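Observations on the model geometry
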Amino acid sequence: MKGRGAFDFGFFLTVMILLSFGLIMVFSASSADAFYRYNDSYFVIKRQLIWAVLGLFAMFFMASFNYKRLDKLAIPFLLLSIVLLAAVLVVGTEVKGAQRWLGFGGLTIQPSEVAKLAIIIFFSSRLSKKKDKIQKFFTGLMPYLMILGVIAALVIMEPHLSGTVVIILVSVILLFAAGARIFHFVILSLPAIAGLVYAVIIEPYRMRRIVSFLDPWQYKMNEGWQIIQSLYAIGSGGLFGLGLGRSRQKFLYIPEAHNDFIFSIICEELGFVGAATVIILFIILIWRGIKIALNAPDTFGSLLTTGIISLIAVQVIINIAVVTSSMPVTGMPLPFFSAGGSSLVFIMGGMGIILNVSRYSNCNRG
Amino acid sequence: MAAPNLMIKKRVLLLLVFFTLAAIGLMIRTGWWQIYEGERLQKEAIQQQTRDRIINSKRGTIFDRNGKPLAVSASVETVSAIPNEIRKAGNAEEVAAKLSQILNMDYEEIYQKITKNSAYEIVKRKIEKKEADEIRKLKFKGIHLDEDSKRYYPYGNFASHVIGATGFDNQGLFGIEAKYDKYLKGLPGRIVSAKDAIGTDMPYKYEKYINPEDGVNVVLTIDEVIQHFVEKHLETAAIENKVQNGAAAIVMDPKTGDILAMAVKPDFDLNNAFQIQNEETRKELEKLTGKEFTDRYGIELGKMWRNKAVVDSYEPGSTFKIITSAIALEENVVKPNDMFNDIGYVTVGGRRIKCWRSYNPHGIQTFIQGVQNSCNPVFIEVALRMGAEVFYRYVKAFGFMEKTGIDFDGETAGIFHKLKAFNELELATASFGQGFQVTPLQMVTAVSAVANGGKLLKPRLVKQFLDKDGNVIKNFEPEIVRQVISPETSATLRGILETVVSEGTGKNAYIKGYRVAGKTGTSEKLPRGNGKYIASFIGFAPADDPRVVVLVILDEPKGDVYYGGLIAAPVVGKILDDTLRYLEVEPKFTEEELATMEVNVPELRNMDVKQAQKALKDVNLKYKIEGTGNTIIDQTPKPTAKLQENSVVILYTEGAGPVSNVTVPDVLKRSVLDANKILTDSGLNIKIIGSGTAMKQEPAAGTIVSPGTVVEVEFRHTDVD
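Residues numbered from 1 in each chain as written. Chains lettered and ligands numbered in written order. Predicted model: local features only at pLDDT ≥ 70, side-chain atom pairs only at ≥ 80, totals over all residues. Heavy atoms only, no water.

A word on the overall build of chain B. Counting its secondary structure elements, chain B contains 25 helices and 31 strands. Burial statistics for chain B: of 721 residues in total, 53% are counted as buried. Partitioning the contacts of chain B with sequence separation of at least 6, the portion at a separation of at least 24 is 71%. When the accessible surface of chain B is summed, it comes to about 32800 Å², and 51% of that surface belongs to carbon and sulfur atoms. (Helix = DSSP H or I, 4+ residues; strand = E, 2+ residues; numbered from the N terminus. Buried < 20%, exposed > 50% of the residue type's maximum accessible area, 1.4 Å probe, protein only. Contact = heavy atoms within 4.5 Å. Areas by Shrake-Rupley, 256 points an atom, 1.4 Å probe, with all protein chains shown as cover.)

Written as structure tokens, this is what we have:
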């Protein structure tokens, strides 16, 4: 067991670049919408800056908070998240037909964000202790799946399909990384797929979204509208873009351009060069993160890092896939970029955890 | 705790590979949209992001040949609203109230428009500059003013069918306005500006201004003055003879093919081209609704706008004998003094074809007399001498089987027999203008060729294009289509046709001082026997050097008479008289004409008697003095009235007792000599119009007038066809 060292600077730098880049783009993308809605172009960016500051605090706090102590907090944290998820169904704030936010005074948080971290910490903790059992289906894998089932069920009841998908995918990735048998996943994927199909069937809007993704132009005036507007933005950017701040699609063509569709605005303003830069930054982040996981001093730190990095990776991949019309539309934020309030704090907190793990790294010592 | 085992490391590395591949895949996908599909997407995006506002170019002016404007465009403006901007400003009520006041429009109507759920609404088109300035001063958000133009036709009901009118968007709908729309309209400019998804302008500047290019000015061959003469005389004739199917007249310069005037009656005001003029039709239309209305309205508008002179064809009747004569003389099958014997009919192909005066056959006559008498058998005879093929060839050469190529939309080519079916019987009837149809324009063009030495010209309505500073952009030169007959034949025929007016059936086209040549025509419309006729006359003058060719057609006259020589010839005469004087063609009076010269009555009031006597003597007028004073108080007729020489002017001096008024006697059906005597004996003066038998007098018989009053009497020859 080695002592604490400096954290991985490459990872830290990537995080800071992404955060700054994200803030600039939130400002650019939100200015028009904020102006129309609140008559104040700075309305969104002001709030996002506050969240970013809080996020930095969270990161630095977690970076100096010994991750091993999270091991002991895993169960209480998981329970807390289950309580919050249950609470949001009862007393949550309803926005656009979904009850996803809990208000604490002036702050609102999404319990699903808490749940994402909680399940990563809990799975990492438990998997690092009972390494071999995971290969057994009933005694090893099943308990995880039951806990995952409870949380996923609570999230989907909000309803929050994309959140559910992320939680399931990240959990499965963790189980996979910890050594679960691939054969088991194949068996499990059958009911999972059935469940997804069912979820689509019970909510007709999901079906239309799927269909509209296949041919957005056919549904131009309704389901396809958003995705076409997104493609217009992406296409308008060309190789070098229209220039920072010069997006035209943000003028209400893309509703709330600073949220889920911010990547389209990046494409429009900065062109393929800008878009590729963003993707490459994420690849660097993932690569540095995975490197930290590989060099972690223990299995817990390794799985913890893998989980958090996967959380980022899954959201980035789904987000970009959605805005480029590569999969059906679902409301997935782009980490660091989408103006999502509390989620930035959780992401930054997660980054802090990884930085902390990197301080105990085996080979990252100069 | 132990470090992660190898399997975990392998699986984590696998994740890195998977995430990286997915990210690269998405990068490619993004690039595909941006670079491969970029152009298409960008085009569509710009289409939704920008608003094109058209700035109309100024439409060119249409001038007459002397530079008088016949159709002009004035700058006006169009008020439009962007409802979203008004909604944001939140002052729709105020805007509507102010606009309704300035534009004199209904408040509700404006309010509806400016609050409508649309991106762009036109509030009112074509408002005057003054109103526009008032609106501009208010600086309302969301109310825009765009330049536009409005067409004005200074002369209203004037050459309406030729000039044509424009529609709502200043596009030419018919006539020259339509034919040269491409040139007149110029190139519209555009303002391209960026808009957001709800239709308001984007806050930052993105505007492109493309200047409009003004349209070219078109100079017509029409002469405004001559057109006015034609309009006036044709209108009078159309009303007097109660024409049921319209009237048309064309004046052409036979040397160039220029159309100097072209009129169709009934006409309409170009400034109000969308209102049906016929009151009965208008009432019928008011009863209709929906599609029935629009269909019928469209048909009626089309009828009203139809330029009969170019579009409609008719059976030319005896006027066509000019062409038959031309062919016969050119082909040498007849000499002017060849003898013919008319027994009232000819038998061709077993069928008996009668002369129009078969009740009193013309008997033995020369070819010239045959033309003067318009004797059908003479023309049948010469046509049979030349044969169908020759006749057909010339009819074609004179341009009757094709469009003249005038620069006017909708021209037709008439209808003639097929050569294969053109047998002797058809030839016989064709020789006097029956059994086929020609357009008035074809007729004028062909007769112009006869008049100008044998050259068939392409008739034209447009002389040149000018730019806005008056520089010539393009000149349209006269075009000779072909030489049809020799100059000698042309000269011979001009002489013969002159005698038609001086001695034959065309006497009513006679005017003093000018040698008029021409030919009458009366044809019965199909089916024969329905009592519907077309009366026409085509003439030119001066006969030795023709300056103008004039055709007048009266379609279905419903008056007492329908003969072209009676009702169309005088109209041609009047048009020629006015036109030749206007063109300053030197009149040459015969002795006989000099004897009946007219003089202007001088101003005599306030003169003393001696002065007055001298003034009257100077102009060859006689006088009669009433009263015993020394100063002239009053006179009849009043100054500038025209009197024939040796007429009597009544002079009133102080102490003149009450003058006994005179009852105008009836002189109708009298000869010129008789009428003159009757009126003079009653102490009245006469103004003689035309020659022959009195057909009309003004004032009418029985009217009480003061002595010396001028009675206008129109004489006509009735021995005409």
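Each helix and strand counted, chain A has 12 helices and three strands in total. Per-residue burial for chain A yields a buried fraction of 58% across its 366 residues. Considering only intrachain contacts with a sequence separation of at least 6, the fraction spanning at least 24 residues in chain A is 73%. With an accessible surface of roughly 14300 Å², chain A has 70% of that area assigned to carbon and sulfur atoms.

All names here are of chain B. Pairing in this open sheet of five strands is antiparallel, and the strands run β10-β9-β21-β20-β19 from one edge to the other. The open sheet is flanked by β10 (259–265) and β19 (517–524), the only strands paired with a single partner. Mean inter-strand twist for the sheet, computed between neighbouring axes without regard to direction, equals 5 degrees. As paired strands, β19 and strand β20 (residues 533–541) are joined by eight bridges and run antiparallel to one another. Bridged to Lys-519 within β20 is Ile-538. Its contacts with the sheet place helix α10 (residues 224–240) against β9 (247–252), β10 and β21 (548–555), and it is angled at close to 25 degrees to β10. (Pairing = 2+ DSSP bridges. Axes fitted to C-alpha atoms, helices over the stretch in contact; angles between N-to-C directions.)

On the side of chain B, 46 residues touch chain A, which itself brings 61 residues to the contact. Carbon and sulfur atoms supply 69% of the area buried between chain A and chain B, which totals about 4700 Å² over both sides. The largest per-residue losses of area from chain A upon contact with chain B belong to Arg248(A), Tyr253(A) and Leu294(A), which jointly make up 15% of the total buried on that side. At the junction of chain A and chain B, the tally comes to zero salt bridges. Elements that contribute at least two residues to the side of chain A that touches chain B include exactly α6 (161–177), α9 (225–237), α10 (262–294) and α11 (299–323) of chain A. With 15 residues, the top contributor of residues to the side of chain A that touches chain B is α10(A). Here the side of chain A that touches chain B is composed, by residue class, of 38 nonpolar, 17 polar and six charged. (Buried area = accessible area lost by both parts, 1.4 Å probe. Salt bridge = Lys/Arg side-chain N within 4 Å of Asp/Glu carboxyl O. Nonpolar A, V, L, I, M, F, W, Y, C, P; charged D, E, K, R; others polar.)

This part takes up the packing of aromatic side chains. The tally for this structure, following the rule as stated, stands at 41 aromatic pairs over all chains. Taking the centre distance of 6.1 Å and the plane angle of 55 degrees together, the rings of Phe174(B) and Phe268(B) count as tilted. Taken together, the positions of Phe174(B) in the loop between α7 (160–163) and α8 (175–179) and Phe268(B) in the loop between β10 and α11 (279–287) put the pair 94 residues apart, joining distant regions of the chain. Put simply, the rings of Phe320(B), Phe391(B), Tyr392(B), Phe400(B), Phe416(B), Phe422(B) and Phe436(B) touch in pairs and so form one group of aromatic residues. A cation sits over an aromatic face here: Arg288(A) above Trp287(A), 5.2 Å from the ring centre. (Phe/Tyr/Trp six-rings, centres within 6.5 Å; stacked < 30°, edge-to-face > 60°. Lys NZ or Arg CZ within 6 Å of the ring centre and 35° of its normal.)

Now for the environment of Asn332(B). Residues and elements named next belong to chain B. As for its position among the elements, Asn-332 is in the loop between α14 (321–330) and β11 (339–342). For Asn-332 and Met-386, which are 54 residues apart along the polypeptide, the C-alpha to C-alpha distance reads 8.8 Å. Of the polar contacts made by the side chain of Asn-332, one reaches the side chain of Lys-335; its length is 3.2 Å. (Polar contact = N/O pair within 3.5 Å; in protein donor to acceptor, adjacent residues only side chain to side chain.)

Turning our attention to a nonpolar patch on the surface. Residue and element names in this part refer to chain A. Side chains of Ile-50, Val-53, Leu-54, Phe-57, Phe-104 and Leu-107 sit close together on the surface and give an oily, nonpolar patch of about 580 Å² of accessible area. By residue number, the principal contributor to the nonpolar patch is helix α2 (residues 43–63), which donates four residues. Here Phe-57 lies in helix α2. Exposure remark for Phe-57: the relative accessible area of 58% places this residue in the exposed category. (Patch = residues over 30% accessible without salt bridge, like charges linked within 9 Å, V, L, I, M, F, W, Y side chains within 5 Å.)

A few words now on the nonpolar core. Core analysis: the largest hydrophobic core is formed by 130 residues, its most contacted members being Leu175(A), Phe263(A), Phe282(A), Phe336(A), Phe337(A) and Met351(A). A per-element tally of this core places α10(A) first, with 18 residues. Setting aside anything within four residues of it in sequence, one finds Leu175(A) in contact with Phe123(A), Leu127(A), Ile134(A), Leu141(A), Tyr144(A), Leu145(A), Ala180(A) and Phe185(A). With 98 residues, the next largest nonpolar core counts Met262(B), Val311(B), Val395(B) and Leu493(B) among its residues. (Core = buried A, V, L, I, M, F, W, Y, C linked by side-chain atoms within 4.5 Å.)

The next point concerns empty space enclosed by the protein. All names here are of chain A. Summed over the entire model, instances satisfying the criterion amount to six cavities of 30 Å³ or more. Of the pockets and cavities examined, the largest cavity occupies roughly 60 Å³. No other element matches helix α12 (residues 342–358), which puts three residues into the lining of the largest cavity. Considering only residue class, the lining of the largest cavity consists of six nonpolar, five polar and one charged. (1 Å grid on protein atoms, 1.4 Å probe; cavity = no way out; pocket = protein on both sides within 12 Å on 5 of 7 lines; lining within 4 Å. Points joined across faces, edges and corners; volume = space filled by probe spheres on them.)

A few words on the sheet that holds strand β1 (residues 93–95) of chain A. All names here are of chain A. With antiparallel pairing, three strands are arranged side by side in an open sheet as β1-β2-β3. Every other strand in the sheet has two partners, leaving β1 and β3 (107–109) as the edge strands with one partner each. On average, each strand axis in the sheet is tilted by 45 degrees relative to the strand beside it, whichever way the strands run. By the bridge criterion, three bridges tie strand β2 (residues 98–104) to β3 in an arrangement that is antiparallel. From the neighbouring strand, Gly-103 faces β3, where its bridge partner is Thr-108. In this fold helix α3 (residues 68–91) packs onto β1 and β2, with an angle of close to 105 degrees to the strand it touches most, β2.

What follows concerns the pattern of salt bridges. All names here are of chain B. Here the structure, examined in full by the defined rule, presents 54 salt bridges over all chains. A salt bridge links Glu-109 to Lys-113, with the nearest nitrogen and oxygen atoms 3.8 Å apart. Of this pair, Glu-109 and Lys-113 both sit in helix α5 (residues 107–115), four residues apart, roughly one helical turn. Arg-581 is paired through a salt bridge with Asp-577; the nearest N and O atoms lie 2.9 Å apart. You can see Arg-581 and its partner Asp-577 sitting in helix α22 (residues 569–582), four residues apart, about one turn around the helix. Judged by its relative accessible area of 19%, Asp-577 falls in the buried class. Within the structure, one salt-bridge network assembled from shared partners comprises Arg-306, Lys-308, Asp-312, Lys-525, Asp-555 and Glu-556.

For chain B, mean pLDDT is 89; residues scoring 70 or higher make up 98% of the total. Across the predicted assembly, pTM comes out at 0.64 and ipTM at 0.93. (pLDDT = per-residue confidence, 0-100.)

Glancing now at α2(A). Residues and elements named next belong to chain A. Its 21 residues give α2 an end-to-end C-alpha distance of 30 Å, which sits within 8% of 30 Å, the value for a rise of 1.5 Å per residue. Every buried residue of α2 is listed here: Val-44, Ile-45, Gln-48, Trp-51, Ala-52, Gly-55, Ala-58, Met-59, Met-62 and Ala-63. Projected onto a plane normal to the axis of α2, the buried residues spread over an arc of 125 degrees and lie on a single side. Those residues of α2 that are exposed and aimed more than 90 degrees away from the buried face are Ile-50, Phe-57 and Phe-61. Looking at the packing, one finds that the buried side of α2 touches α1 (9–38), α3, β3 and α12. (Expected span 1.5 Å × (residues − 1). Arc of directions from axis to C-beta.)

In this section: the packing of α9(A) against α10(A). Between two packed helices, both the angle of their axes relative to each other and the distance between the axes serve to describe the pair. Residues and elements named next belong to chain A. Taken N-terminus to C-terminus, the directions of α9 and α10 make an angle of 20 degrees; their axes are 6 Å apart at the nearest point. By the angle class used here, α9 and α10 are roughly parallel. Considering how the two elements wind past one another, α9 and α10 form a crossing that is left-handed. Counting all contacts with α9, which are made through Ser-230, Ala-233, Ile-234, Ser-236 and Gly-237, the residues of α10 involved are Ser-264, Cys-267, Glu-268 and Gly-271. Considered class by class, the residues forming the contact of α9 with α10 number three nonpolar, five polar and one charged. (Parallel < 35°, antiparallel > 145°, perpendicular 65-115°, else oblique. Left-handed = near helix turned anticlockwise from the far one by under 90°.)

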